[in-house]
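Listed below are the residues making up each chain.
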Amino acid sequence: MIDTHSHIYLEQFDDDRDEVNRRAAEAGVTGIFMPAIDLDSIPKMEKLKHTDISFYKMAGIHPTEVSDELPEDLESKLTEFCSRDDYYGVGETGLDYYWSTELVEQQKKSFHLHCRVAKEVQKPIIIHNRDSTDDMLEIIEQEQDGSLTGVWHCFNGTVEEGKRALNLGLHLGIGGVVTFKNGGVDKTVARLPLEKMILETDAPYLSPTPKRGKRNEPAFMKYTAEKLADIFGLSLEEVDKQTTETARRLFGLDQS
Ligand code: NI
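Once a new chain begins, its residue numbering starts again from 1 and follows that chain's sequence as written. Totals for whole chains, interfaces and linings use every residue, but because this is a predicted model, local features are given only for residues with pLDDT of at least 70 and side-chain atom pairs only at 80 or more, for both listing and counting. Heavy atoms from the whole structure form the basis of all side-chain values; hydrogens and water molecules are not counted.

### Here's the deal with the environment of threonine 101
Then, number 1: Each helix corresponds to a stretch of at least 4 residues labelled H or I by DSSP, and each strand to a stretch of at least 2 residues labelled E; elements are numbered beginning at the N terminus. Inspection of the secondary structure puts threonine 101 in the loop between strand S4 (87-96) and helix H4 (104-121).
Then, number 2: The spacing of threonine 101 and threonine 64 is 37 residues in sequence and 9.8 Å in space, taken between C-alpha atoms.

### Details of helix H3 (residues 74-82)
The periodicity of an α-helix, 3.6 residues per turn, causes residues three or four places apart in sequence to face the same way.
Then, number 1: All of the buried residues in H3 are Leu74, Leu78, Thr79, Phe81 and Cys82. Seen from one end, H3 has its buried residues packed into an arc of 165°, which puts them on one side.
Then, number 2: Contact partners of the buried residues in H3: helix H2 (41-46), strand S3 (54-59), S4 and H4. Summary of the burial criterion: residues with accessible area below 20% of their type's maximum are buried, those above 50% are exposed, and those between are partly exposed, where the area comes from a 1.4 Å probe applied to protein chains only. The directions considered for the arc run from the helix axis to the C-beta atoms. Any two residues whose heavy atoms approach within 4.5 Å are treated as being in contact.

### As for helix H1 (residues 17-26)
Then, number 1: Residues of H1 that are buried include every one of Arg17, Val20, Asn21 and Ala24, and no others. The buried residues of H1 occupy an angular sector of 95° when projected down its axis, which confines them to one face. In H1, the exposed residues that point more than 90 degrees away from the buried face are Asp18 and Glu26.
Then, number 2: Looking at the buried side of H1, the elements it contacts are strand S2 (31-34) and S3.
Then, number 3: Within two residues after H1, glycine 28 carries a phi angle of roughly 100°, on the positive side.

### A few points about the sheet that holds strand S7 (residues 170-174)
Then, number 1: Two strands are said to pair when DSSP picks up at least two bridges between them. Here eight strands make up an open sheet; going across it, the order is S1-S2-S3-S4-S5-S6-S7-S8 and the pairing parallel. One side of each edge strand has no neighbouring strand; the edge strands of this open sheet are strand S1 (2-3) and strand S8 (197-199).
Then, number 2: Relative to S4, S3 runs parallel, the two sharing three bridges. Paired with methionine 58 across the bridge in S4 is glycine 89.

### Side note on the nonpolar core
Then, number 1: Working definition of a nonpolar core: buried Ala, Val, Leu, Ile, Met, Phe, Trp, Tyr and Cys residues. They are joined through side-chain atoms within 4.5 Å. The biggest cluster of nonpolar side chains holds 68 residues, and the ones touching the most others in it are Phe111, Ile140 and Leu172.
Then, number 2: With seven residues, H4 is the largest single contributor of residues to this core.
Then, number 3: Residues within four places of isoleucine 140 in sequence aside, it is in contact with Phe111, Cys115, Ile127, Leu148, Leu168 and Leu170.

Dropping the structure here:
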């Protein structure tokens, strides 16, 4: 299995990162993609060395970390990082109107900027979206010139929104929320194509049931995979095979 979205480099794992990674490997995780939160995330990611698990870096500014004025050199800096062979995506970026709507214009500007970088370096964009689906999809529509790829991370939209995202060339990142009893995300996911889904944890956040409320870690992704198997009437192995293939194709792992 590949965890396509995990902040394993954060301080929440400083005390037991090796243990966490060992448990992930035992649970069948072979690769972990690390979306950045800001530029300070990058030196922390650089410290992670391949073990039984391969670690894949990405660079970007999370929408809740966007400042009043975007640094002038942000686009060139992100392009520089993301064009390197050991960077696999642009993000995370996107929109978040839940925490604050004060900087909506700056968030949109930053999201557009990340889209441009993704097209420039030909790598997928990692999209965070909270209470902002219409605007998020509209920006993707504006930026899509046939070359933009990416993932709607932690997908929790409606069937219609999911289909619209797929038509715009996006994939759907399926995380712990699909296991929540009251969310209804499982019913939505059931009506969308598994071939366009990839697995993720968003560790240390959003632990799946039965670990809900605890610190999330990549090993817990098995609960999300089991839920998908349940939804689609497949074995865990089949879900693993399909989602791993999709992730490898999306992030270009088979080309290198
Ligand atoms: Ni995240």
